[in-house]
Structures are given as C-alpha cells and as structure tokens.
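Residues per chain are reported as follows:
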Amino acid sequence: MDRTPVIVGIGLSDYPVVPELNGVQHHVLAAQRAIADAGIEKSTIDGYVSAGGGGGMMVDDAVTMAEYLRIDHRYIDGTMTGGSSFEFHVQHLAAAIKDGACDTALVTYGSDQLSRMGRSLGTGGMHRGVQTVAGPMGYEAPYGNSLVGSYAMHAKRHMHEYGTTSAQLAEIAVGVREFAGLNPNAMHKDPITVDDVLESRMIADPLHLLDCCVITDGGGAFIMTTAERAQDLARPPVYVLGASGAQTHWNICQQTDFTSSAGALAGPKAFAQAGVAHDDVDLLMFYDSFTITCLILLESLGFVPKGEGGPFVAEGHLKKGGKWPLNTDGGGLSSNHPGMRGIFLIIEAVRQLRGDGGDAQVPDCSVALAAGSGGWLSCIGVNILGKDHPGS
C-alpha cells in the first residue's frame with residue numbers, strides 16, 4: 001500500500017468579518033467544507049489535529065473539538081506553536097500516516113478574533129495579569145513591550161546591520177495587496193503604493209500600519225490521507241514532499257539573532273526530504289504577520305543570502321509574475337489573519353497546486369513552500385508540497 005502522505009481536501013469558513021459565528025463554528029464550517037471537497041465520509045476520519053485557542057477560553061482545544069465534531073480518532077494531536085502550529089501538524093501527520101497510526105486525518109482551526117476582541121491586539125501588552133520576576137518574562141514584561149514592538153526590533157536590527165529600508169519592506173505589502181485585489185473575500189482589495197505604506201501611521205518604529213497584518217475572523221481545515229486512498233477520490237492529491245520545524249526561542253528576550261529565524265534550521269531539513277532545490281519552488285506562502293517577517297523568512301530559508309533580501313524584494317521578485325510569487329490569497333497583510341494564519345498558507349498552496357487559483361493562479365505551479373511563524377519569529381514550520389508523486 002502506498003502510504004505517501006497527501007492533502008485531499010481543503011475548506012475555508014467565512015471571513016473576514018463574521019460576527020454571527022463564534023470560533024468553534026468557524027472550525028465546524030471549515031471542516032464541513034473540507035470533508036465535502038475531499039468527497040469522503042466523516043466516519044472514515046480516524047485522526048484529528050487542532051491547535052485550538054481561537055474560540056475563546058480554549059473551548060476549541062483538540063480533545064474538546066474532537067468530541068464536538070464526533071471524530072472517532074486513533075490519533076490526536078494538539079501541538080501549539082502559535083501561527084506555525086499547522087505546519088508542525090503536517091510534519092506530525094506525515095509521520096503518523098506513513099507509520100499507520102492513522103489513515104485519514106482532519107486538521108481544523110477557527111477564530112472570531114476580530115468580532116470578540118477588536119483590532120488593538122498588536123499594540124496591546126504581550127503579558128497580561130499577574131507577573132513574576134521568575135523566568136524570561138520577568139525581563140521584558142516590566143517594560144510594557146507590545147507584540148508589534150517585538151517585530152519592530154527585528155526590523156530595526158536588520159536595517160542597522162544590512163541597510164534595509166522601509167521602502168524595501170513596503171514592497172512586500174504592495175505585492176501582497178495586488179494578490180488581495182484578486183480575492184473577492186479579502187479584507188482590503190484596493191491597490192496601494194510604496195508611498196501609501198510609508199505615509200501610513202507609524203505603529204512601532206520602523207513598522208507602519210500597512211506593514212502590519214489585518215485582524216479578522218475566519219477558519220480553515222484540510223484533510224490528509226494516503227496516496228493509495230487518494231486514488232479513489234475526485235480531486236487530485238497534493239503530496240507532502242518535505243516537512244520540518246524548529247525553535248530558537250519563545251520569549252523575545254531570549255532571541256539571539258534578530259536578523260534570522262529558526263527557518264535556517266528547519267528549511268534545509270525540509271528541502272533534503274523533498275529532494276528539491278530553491279529554484280524548483282514556484283510559490284511562496286510565508287507567514288506575513290508583518291513585512292519584516294517575510295523578509296527574514298526569505299533569507300533564513302535560503303532563497304537569498306542574508307542581508308540581500310531588501311534589494312531582492314525591491315526588484316519585484318515576490319510580486320505577481322515574479323520569480324517567487326508571495327501569498328497569492330492576499331496574505332495576512334491584506335486578506336485575513338484571525339489570530340493564527342499558518343493553516344491558510346497550506347490551504348492556498350494546495351489550491352494553487354491544483355490549478356484552482358483563478359486570476360491569481362501561478363502558471364505551471366508544481367512545487368509550493370509554506371513557512372509558518374509562531375511566537376515572535378520563534379517557532380518556524382516548513383512544508384514543501386507538490387502536485388506530483390515524489391516517486392515519479
């Protein structure tokens with residue numbers, strides 16, 4: 001039996017603003033659509049994975065959601081690494097499917113973050129409630145750093161060491177917005193220019209408003225199974241060629257290199273598993289919580305040498321028609337970001353590899369790389385997906 005792991009179904013819940021749905025309902029709607037897309041019966045699912053945390057007060061952790069969805073599982077995983085959780089899930093499920101721990105698994109995520117908490121999350125303090133001086137948080141919590149402030153430190157250091165400019169970072173937002181204009185569901189679709197980004201208000205120097213991701217509601221789901229089973233399904237499978245993950249820190253005060261990420265550790269492993277080179281990749285799906293996130297992922301994953309990302313981006317290589325189109329669904333910068341966006345990277349990569357990208361379709365898309373970032377460029381998960389069987 002061919003137990004090569006494949007993705008056979010994808011589904012998105014409604015987004016970007018859906019006040020009538022709570023986080024759990026986003027999980028359910030996305031799951032229903034992924035199951036229908038795969039053309040399978042829910043009763044055949046024997047694995048369930050979720051990072052949880054999107055429904056409020058952890059009512060959507062893996063074990064609770066498995067019960068709610070009535071998944072009779074042999075395999076369950078609730079790994080939580082923030083926004084990269086789902087890339088880690090692909091890694092874990094690929095191993096589980098190969099080993100026979102499960103045959104068909106459902107991964108879901110849902111969040112009503114915008115409707116429940118509003119749009120001030122990025123500027124809110126990272127550590128709320130009672131604080132102690134024990135542990136790493138004791139070194140940063142007293143100073144009131146914000147989430148966006150931590151990314152701003154990465155951007156400032158990159159600028160200091162390599163001469164990267166705000167205009168170069170702005171090119172990332174401009175390119176992603178072009179793709180958002182092709183997505184009727186994206187939160188922001190109007191074209192923007194570099195000047196628009198630079199003239200938007202400063203949030204945390206040097207990051208402007210348009211360097212920062214949107215806050216939305218939304219959810220996603222996908223189904224993984226074996227290549228053998230996929231032969232009986234209506235939609236073409238997408239093969240998991242390589243999957244890896246790594247962590248360099250969690251708390252920002254423990255970050256040792258503000259110009260790199262754990263992608264430098266996870267990337268080479270994923271490429272070695274996949275047996276492909278950087279030039280074989282047709283599509284990049286990067287976690288774009290902020291423009292600097294994309295730039296550091298681009299470099300740490302080896303697509304350009306360290307320090308050369310700014311000029312490379314400014315030449316338009318990540319835009320529509322460029323060498324490595326970035327975030328063809330409009331990304332977190334313009335389309336949707338309901339708290340943890342890693343699952344949307346995988347779903348869009350599958351859509352493109354199937355040839356279902358519509359006006360945003362990348363021509364002859366055969367290999368896609370999804371890189372999720374959790375924490376503050378802390379935990380990086382890398383998935384390399386392809387439309388062809390790795391043995392062909």
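The structure this text deals with has already been given above.
Our subject in this report is the structure included herewith.

Reading the values: rules and limits
Residues numbered from 1 in each chain as written. Predicted model: local features only at pLDDT ≥ 70, side-chain atom pairs only at ≥ 80, totals over all residues. Heavy atoms only, no water. Core = buried A, V, L, I, M, F, W, Y, C linked by side-chain atoms within 4.5 Å. Buried < 20%, exposed > 50% of the residue type's maximum accessible area, 1.4 Å probe, protein only. Helix = DSSP H or I, 4+ residues; strand = E, 2+ residues; numbered from the N terminus. Contact = heavy atoms within 4.5 Å. Salt bridge = Lys/Arg side-chain N within 4 Å of Asp/Glu carboxyl O. Expected span 1.5 Å × (residues − 1). Arc of directions from axis to C-beta.

## Looking at the nonpolar core
Inference 1: Grouped together as the largest cluster of nonpolar side chains are 114 residues, with contacts concentrated most on L284, F286, F303 and L369.
Inference 2: No other element matches the eight residues that helix α14 (residues 342-354) contributes to this core.
Inference 3: Discounting residues that sit within four places of it in the chain, F303 has contacts with F271, H278, V281, L284, F286, L298, W324 and L369.

## Description of the pattern of salt bridges
Inference 1: Under the defined criterion, the tally for this structure stands at 16 salt bridges.
Inference 2: Note that K319 is salt-bridged to E171, the shortest N-O span being 2.9 Å. With K319 in the loop between α12 (309-314) and α13 (331-335) and E171 in helix α7 (residues 166-180), the pair connects residues that are 148 residues apart, well separated along the chain.
Inference 3: Of the residues examined, E171 reaches a relative accessible area of 16% and is grouped as buried.
Inference 4: Within this structure, R3, D46, R74 and D103 form a network of salt bridges that share partners.

## Here's the deal with helix α10 (residues 263-274)
Inference 1: In this model α10 runs 16 Å from its N-terminal to its C-terminal C-alpha over 12 residues, within 8% of the 16 Å that 1.5 Å per residue would give.
Inference 2: Among the residues making up α10, those that are buried are G263, A266, G267, A270, F271 and A274. Summarising the axial view, the buried residues of α10 lie within an arc of 130°, below the 170-degree limit, and thus occupy one face.
Inference 3: Among the structural elements, β8 (238-247), α11 (291-300), β10 (367-374) and β11 (379-386) are those in contact with the buried residues of α10.
Inference 4: The positive-phi residue at the C-terminal boundary of α10 is G275, with phi of around 70°.

Fair warning: the whole summary comes from geometry, so function is off the table for now.
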